[in-house]
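Observations on the model geometry
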Amino acid sequence: MTHITPPCNIRIHNGFGCQAATRGKWGIMAKGAVKIVVERCKACGFCVEFCPTKVLALSSAFNSKGYHPPRVVAAEKCSGCDLCGMYCPDFAIFGYRLPQPAPAKEGSDAR
């Protein structure tokens, strides 16, 4: 398996910066991101508990309802599996996979 290093130009608009595929123990791991709707959250902690890569933690800040919403503590570990979103009873969090860049073809003809 050849490792292809994607360019670091995939950006998401939730403040986590550049995200791309990384080489893990078993090959290239899909990268993802999490979108949190802070005002919907009631701090049940299901997203934090069931995240397989431990990307989330409960924040010390309060939302307008007086709850501690989750925050991202390790964005680079997110695989975009969306378990956080599946377990959230309030639809306050969504995980998604970032698009992977297509591998460059070597020796392709310009037609």
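Details of the structure are given in the entry above.
First, a word on scope: everything that follows refers to the structure included in this document. Just so it is clear, the model here is predicted, and its values are computed rather than measured.

A closer look at the pattern of salt bridges
For the coordinates displayed, the defined rule picks out 1 salt bridge. Note that Lys-42 and Asp-90 form a salt bridge whose closest N and O atoms lie 3.9 Å from each other. In this pair, Lys-42 sits in the loop between strand 3 (32-36) and helix 1 (46-50) while Asp-90 sits in the loop between helix 2 (83-87) and strand 6 (93-97), placing the two residues 48 residues apart along the sequence. Looking at Asp-90, the relative accessible area reads 23%, which means it is partly exposed.

A look at the pairing of strand 3
Counted residue by residue, strand 3 has 4 buried out of 5 residues, so it is predominantly covered. By the bridge criterion, 5 bridges tie strand 3 to strand 6 in an arrangement that is antiparallel. Paired with Val-34 across the bridge in strand 6 is Gly-95.

Observations concerning a nonpolar patch on the surface
Among the surface-exposed residues, Phe-46, Phe-50, Met-86 and Tyr-87 lie close enough to one another that they form a single nonpolar patch of about 410 Å² accessible area. The set of elements that each furnish at least two residues to the nonpolar patch consists of helix 1 and helix 2. For Phe-46, a relative accessible area of 39% translates into the label partly exposed.

A closer look at the side chain of Asn-63
Looking at the secondary structure, you find Asn-63 in the loop between strand 4 (56-58) and strand 5 (70-72). Judged by its relative accessible area of 7%, Asn-63 falls in the buried class. A distance of 2.9 Å separates a polar side-chain atom of Asn-63 from the backbone oxygen of Cys-41. With residues near it in sequence (within four places) discarded, Asn-63 still touches Val-38, Glu-39, Cys-41 and Pro-69.

Side note on the packing of aromatic side chains
Aromatic ring pairs are described here by two measures, namely the spacing of the ring centres and the angle between the planes. This structure, assessed with the given rule, holds 2 aromatic pairs. Consider the rings of Phe-50 and Tyr-87, whose centres lie 4.1 Å apart with planes at 10°: the pair is stacked. A residue pair is termed long-range when its members are at least 10 positions apart, and Phe-50 in helix 1 and Tyr-87 in helix 2 qualify at 37 residues. For Phe-50, a relative accessible area of 36% gives the class partly exposed. Here the aromatic cluster, defined as three or more aromatic residues joined through ring pairs, consists of Phe-46, Phe-50 and Tyr-87.

Cut-offs used in this document
- Residues numbered from 1 in each chain as written.
- Predicted model: local features only at pLDDT ≥ 70, side-chain atom pairs only at ≥ 80, totals over all residues.
- Heavy atoms only, no water.
- Salt bridge = Lys/Arg side-chain N within 4 Å of Asp/Glu carboxyl O.
- Helix = DSSP H or I, 4+ residues; strand = E, 2+ residues; numbered from the N terminus.
- Buried < 20%, exposed > 50% of the residue type's maximum accessible area, 1.4 Å probe, protein only.
- Pairing = 2+ DSSP bridges.
- Patch = residues over 30% accessible without salt bridge, like charges linked within 9 Å, V, L, I, M, F, W, Y side chains within 5 Å.
- Areas by Shrake-Rupley, 256 points an atom, 1.4 Å probe, with all protein chains shown as cover.
- Polar contact = N/O pair within 3.5 Å; in protein donor to acceptor, adjacent residues only side chain to side chain.
- Contact = heavy atoms within 4.5 Å.
- Phe/Tyr/Trp six-rings, centres within 6.5 Å; stacked < 30°, edge-to-face > 60°.

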